[in-house]
Number of protein chains: 2
Amino acid sequence: MDSKVILLAHGSGGKATHQLIDDMFMPRLNNAFLNELTDSALLPVGDIKILFTTDAYVVDPPFFPGGDIGKLAVNGTINDLAVCGGKPLYVSLALILEEGFPFEKLDVIIQSVAEAAREAGVKVVTGDTKVVGHGSADKIFITTSGIAVLHPYTSLSPKNIRPGDKIILSGSIGDHGIAVMLEREGLELKSNITSDTAPLHKMAEEIMQEPSAIRFMRDPTRGGIATTLNEIALQSQLGITIYETAIPIKSEVAGASEILGLDPLYIANEGKLIAIVDPTHADNILSIMQRNRYGRDAAIIGTITDDFPGKVILKTRIGGSRIVDMLAGEQLPRIC
Amino acid sequence: MDSKVILLAHGSGGKATHQLIDDMFMPRLNNAFLNELTDSALLPVGDIKILFTTDAYVVDPPFFPGGDIGKLAVNGTINDLAVCGGKPLYVSLALILEEGFPFEKLDVIIQSVAEAAREAGVKVVTGDTKVVGHGSADKIFITTSGIAVLHPYTSLSPKNIRPGDKIILSGSIGDHGIAVMLEREGLELKSNITSDTAPLHKMAEEIMQEPSAIRFMRDPTRGGIATTLNEIALQSQLGITIYETAIPIKSEVAGASEILGLDPLYIANEGKLIAIVDPTHADNILSIMQRNRYGRDAAIIGTITDDFPGKVILKTRIGGSRIVDMLAGEQLPRIC
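Residues numbered from 1 in each chain as written. Chains lettered and ligands numbered in written order. Predicted model: local features only at pLDDT ≥ 70, side-chain atom pairs only at ≥ 80, totals over all residues. Heavy atoms only, no water.

### Comments concerning the pairing of strand β10 (residues 239-243) of chain A
A regular strand places its side chains on the two faces of the sheet in alternate fashion. Residues and elements named next belong to chain A. Defined as follows: Any residue under 20% of the maximum accessible area for its type is buried, any over 50% is exposed, and the rest in between are partly exposed; the area is computed with a 1.4 Å probe on protein chains only. The helix count covers DSSP runs of H or I at least four residues long, the strand count covers runs of E at least two residues long, and both are numbered beginning at the N terminus. Strand pairing requires that DSSP identify at least two bridges connecting the strands.
In terms of burial, β10 is a largely internal element, four of the five residues being buried. When β10 meets strand β12 (residues 299-305), the two strands line up antiparallel, connected through four bridges. What sits directly across from Ile-240, in β12, is Ile-304. The sheet contact formed by β10 and strand β13 (residues 312-315) spans four bridges and is parallel. Note on β13: the bridge partner recorded for Ile-242 is Leu-314.

Now the structure itself:
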């Protein structure tokens, strides 16, 4: 990508985002914590270690089936902490509002923030509100940052991943992206597709009780499971094989994806996690996950291999194999 | 303010912002940490206490004499931590970019972020980048959050303030607001006015070496010293007297304010702090401040009194007295 200006693709979470990070942010801001490029930074503070993360939310529209930008922002931050082995404690809330945004809608969003914080057991402890003129922002943007303490029994890193490890996905793919897309486009597919936005800290904690069974976790948001699995393949310098028939997807989401011409492997999820696990514990971890309300449809979707380092291969329904690359371009702008 | 929609005034930091916080945010998000309403939240994590703060920056234009949105965002977060007695350690960086924003300009901003972080001795450890379509945001918005450890010898609170305490301001008022305003409006006043954006953590640390001499600190940003002093009067339930002739202001800033019809007491500063100090230590604190490069023009500008609780009175140049209220409406939108 040789553009001289910022494109929507730079916010996709896919290739262009990675290039921006590699070419501009890393050389300028270079430090050992940032260089890890995990969902949260693990930081020494006094004698302890904390996790710290931030995310900007610009989802369009701000209200969609299954949630709104407030719930999404809190859950997204909770999940970035949870997949790094954190017990989330505190969240900050920074609002950028467009002049003319209705009070009533803001109040619904703030209530969602409060409810999501309550469910996740975190406190919203600090905030900021800025307002820009009509036309200088689109309705509402929210940036949440979060702080967690590290669960003592955790040691998660892509460096822990070994050939033969199993890949567990906590449920069906594409629900969030398709729900937002249908709402944005005003499409009436007579579907009941809702966003999967949910806090995953409890599920993460439950599966981490098995010491060293979990090698690494990510939540596959922007760019979908395809992009997240590619990041894991790159960071571990191992290959990944996934099986199309093993990947949970709701028939309505599959149908809507087909109508919209979208590949569900690249569609954003907001309440799913991918865990890379020791194969001897995989079945046990899977059943722990399935007992959690947000993990009922969890499945083992693939295996780590040393055959094709840095690459993700999909074994298709009809028996073929294809390389699944990281998201190129921008499939679904402003999905989160 | 009985508006049913968000107005620019709700982002002013003045009365409308306070009303939004009191009417909507506090009832919904209510918790002991948030309720303190200081510049940073003081939070227990394990056995220690940390400070945590967040700020969204929407300054228009993003480049102005003396700095840019990147430098402003880092310094603003440093200062919110510093005035609460913190030693800043880590900063997060969330960008919302408008499609079409030039790479070259973004790179200058990221370099400013890096330089400001280096000067302040903090690391940018985590971040996020979102892009919205052309016309859905105005160029670039930045949200920074920050984490600090508390200096061990500090105990800052508006509850510590006593009648007779002195009010020290670390330098001249209005520089940032006027610099941005002149740049935005393209006004050629043949002035050399530059933003005062600067990190104040070292100055804050230096003056806190005197145990219990410092009762409380704030940085007077949006809404100017008038708004910050009103907040201090309300939180301490004491009165404040300030002397017009004692308040440092550059003649160029005073002149530009007059031409623009602005009251410099309400104009934003980005490199100033207000310290409420024990009167027996006031001269000593003042001279410590004046030895710091960002405090050369520091002055004692007033006194705490129990005469008119919750109010700020200005003794004018010509010998009169007037009540200085919190900022009402929006004098200078998008100043930070």
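Right, picking up where we left off after that structure.
### Some remarks on the sheet that holds strand β1 (residues 41-45) of chain B
Residue and element names in this part refer to chain B. Which entries qualify depends on this criterion: In this analysis an axis means a line fitted to C-alpha atoms, helices contributing only their contacting stretch, and an angle means the value between N-to-C directions, from 0 to 180 degrees.
Strands sit in the order β1-β2-β7-β5-β6 across an open sheet of five strands; the sheet is mixed. Edge positions in the sheet fall to β1 and β6 (123-132), since each of these pairs with one other strand and no more. When the angles between neighbouring strand axes are averaged without regard to direction, this sheet yields 20°. Taken together, the 11 bridges between strand β5 (residues 86-98) and strand β7 (residues 140-150) define a ladder with antiparallel strand orientation. Within β7, the position partnered with Leu-93 by the bridge is Thr-144.

### Let's talk about the relation of the copies chain B and chain A
Convention followed: Each copy is superposed on the other by least squares, with the fit set by C-alpha atoms of residues at a pLDDT of at least 70 in both.
For the pair chain B and chain A, the relating rotation is 180°, the translation along its axis is 0.0 Å, and the fit reaches an RMSD of 0.0 Å. Both chain copies can therefore be described as sitting about a two-fold axis. Every residue of chain B has its C-alpha some distance from the rotation axis, and the shortest such distance is that of Ala-137 of chain B, at 2.0 Å.

### Here we look at the sheet that holds strand β1 (residues 41-45) of chain A
Whether parallel or antiparallel, the strands of a sheet pair through hydrogen bonds between backbone atoms. Residues and elements named next belong to chain A. The mixed open sheet is built from five strands, whose spatial order is β1-β2-β7-β5-β6. The open sheet terminates on both sides in strands that have one partner only, identified here as β1 and β6 (123-132). On average, each strand axis in the sheet is inclined to that of its neighbour by 20°, with strand direction left out of account.

### Digging into helix α6 (residues 201-208) of chain A
All names here are of chain A. Our working rule: Along the arc lie the directions from the helix axis toward the C-beta atoms. Pairs of residues are marked as contacts when any of their non-hydrogen atoms sit within 4.5 Å.
The set of residues buried in α6 consists of His-201, Met-203, Ala-204, Ile-207 and Met-208. Looking straight down α6, one finds that the buried residues subtend no more than 165° of arc, so they occupy a single side. At its buried positions, α6 is contacted by α3 (69-82), β5 (86-98), α4 (103-120), β9 (214-218), β11 (274-277) and α9 (282-291).

### Examining the interface of chain B and chain A
So the rule is basically this: Accessible area that two parts lose when put together, with a 1.4 Å probe and added across both, is what the buried area reports. Salt bridges are identified by distance alone: a Lys or Arg side-chain nitrogen within 4 Å of an Asp or Glu carboxyl oxygen. Polar contact criterion, stated in full: a pair of N or O atoms within 3.5 Å, where within protein one must be able to donate a hydrogen and the other to accept it, and residues adjacent in sequence count only if both atoms are side-chain atoms. For this scheme, ten residues count as nonpolar: Ala, Val, Leu, Ile, Met, Phe, Trp, Tyr, Cys and Pro. Four count as charged, namely Asp, Glu, Lys and Arg, and the remainder, Gly too, count as polar.
Listed per partner, the contact involves 76 residues of chain B and 76 residues of chain A. Summed over both partners, the interface of chain B with chain A comes to about 6,600 Å²; 70% of that surface belongs to carbon and sulfur atoms. Across the chain B-chain A interface, the total number found is four salt bridges. Residue Asp-128 of chain B pairs with Arg-222 of chain A through a salt bridge whose shortest N-O separation is 2.8 Å. Applying the counting criterion to the chain B and chain A interface returns 24 residue pairs in polar contact (both at pLDDT 80 or more). Of all the elements in the fold, those that place two or more residues in the side of chain B that touches chain A are α1 (15-29), α2 (32-35), β1, β2 (48-57), β5, α4 (103-120), β6 and β7 of chain B. A breakdown of the residues in the side of chain B that touches chain A according to their chemical character gives 43 nonpolar, 19 polar and 14 charged.

### Considering the confidence of the model for chain A
Rule in force here: Values of pLDDT, which run from 0 to 100, indicate the predictor's confidence residue by residue.
Mean pLDDT over chain A: 95, with 99% of residues reaching 70 or higher. Two numbers describe this predicted complex: its pTM, 0.96, and its ipTM, 0.96.

### Side note on the packing of helix α6 (residues 201-208) of chain B against helix α9 (residues 282-291) of chain B
Residue and element names in this part refer to chain B. This is how it is decided: Angle categories: roughly parallel below 35 degrees, roughly antiparallel above 145, roughly perpendicular from 65 to 115, and oblique for all the rest. Crossing chirality is assigned from the near helix's rotation relative to the far helix, an anticlockwise turn below a right angle marking it left-handed and a clockwise turn marking it right-handed.
Axis separation between α6 and α9 bottoms out at 9 Å; the angle between their running directions is 150°. Here α6 lies roughly antiparallel to α9, going by the angle between them. For the pair α6 and α9, the sense of crossing is right-handed. Residues Met-203, Glu-206 and Ile-207 of α6 pack against Ile-285, Ile-288 and Met-289 of α9. Split into classes, the residues belonging to the contact of α6 with α9 amount to five nonpolar, no polar and one charged.

### Structural notes on the packing of aromatic side chains
The geometry of an aromatic ring pair is captured by two quantities: the separation of the ring centres and the angle between the planes. Heads up, the rule is: Only Phe, Tyr and Trp rings are paired, with Trp represented by its six-membered ring, and only when their centres lie within 6.5 Å; those with planes under 30 degrees apart are stacked, over 60 edge-to-face, the remainder tilted. Charges are assigned to positions over rings by a cutoff of 6 Å between ring centre and Lys NZ or Arg CZ, combined with an angular limit of 35 degrees from the ring normal.
Going through the model one piece at a time under the given rule, you end up with four aromatic pairs over all chains. A ring pair is formed by Phe-33 of chain A and Tyr-90 of chain B, whose centres lie 5.7 Å apart and whose planes are at 85°; its orientation type is edge-to-face. Of this pair, Phe-33 of chain A sits in helix α2 (residues 32-35) while Tyr-90 of chain B is found in strand β5, placing the two residues in two different chains. You can call Tyr-90 of chain B buried: its relative accessible area is 6%. Lying over the aromatic face of Tyr-57 of chain B, Lys-130 of chain A brings its terminal NZ or CZ to 4.8 Å of the ring centre.

### So, the pairing of β5 of chain A
All names here are of chain A. We apply this condition: Looking down the strands as they point away from the viewer, one classifies a crossover as right-handed if the path from the first strand across the helix to the second runs clockwise.
Along β5, 12 of the 13 residues are buried, which leaves the element largely enclosed by surrounding structure. When β5 meets β6, the two strands line up parallel, connected through nine bridges. Looking at β6, one finds that Ile-96 is bridged to Lys-130. On the question of chirality, the crossover connecting β5 to the parallel β6 by way of α4 is right-handed.

### A look at the environment of Lys-166 of chain B
Residue and element names in this part refer to chain B. If you trace the backbone, Lys-166 turns up in strand β8 (residues 166-169). Overall, the relative accessible area of 26% leaves Lys-166 in the partly exposed class. Expressed as a C-alpha distance, the spacing of Lys-166 and Met-181, which sit 15 residues apart in the sequence, is 32 Å. Excluding anything up to four places from it in sequence, Lys-166 contacts Ala-275, Ile-276, Val-277, Pro-279, Ala-282, Ile-300, Gly-302 and Thr-303. One polar contact links Lys-166 to Thr-303, side chain to side chain, over a distance of 3.4 Å.

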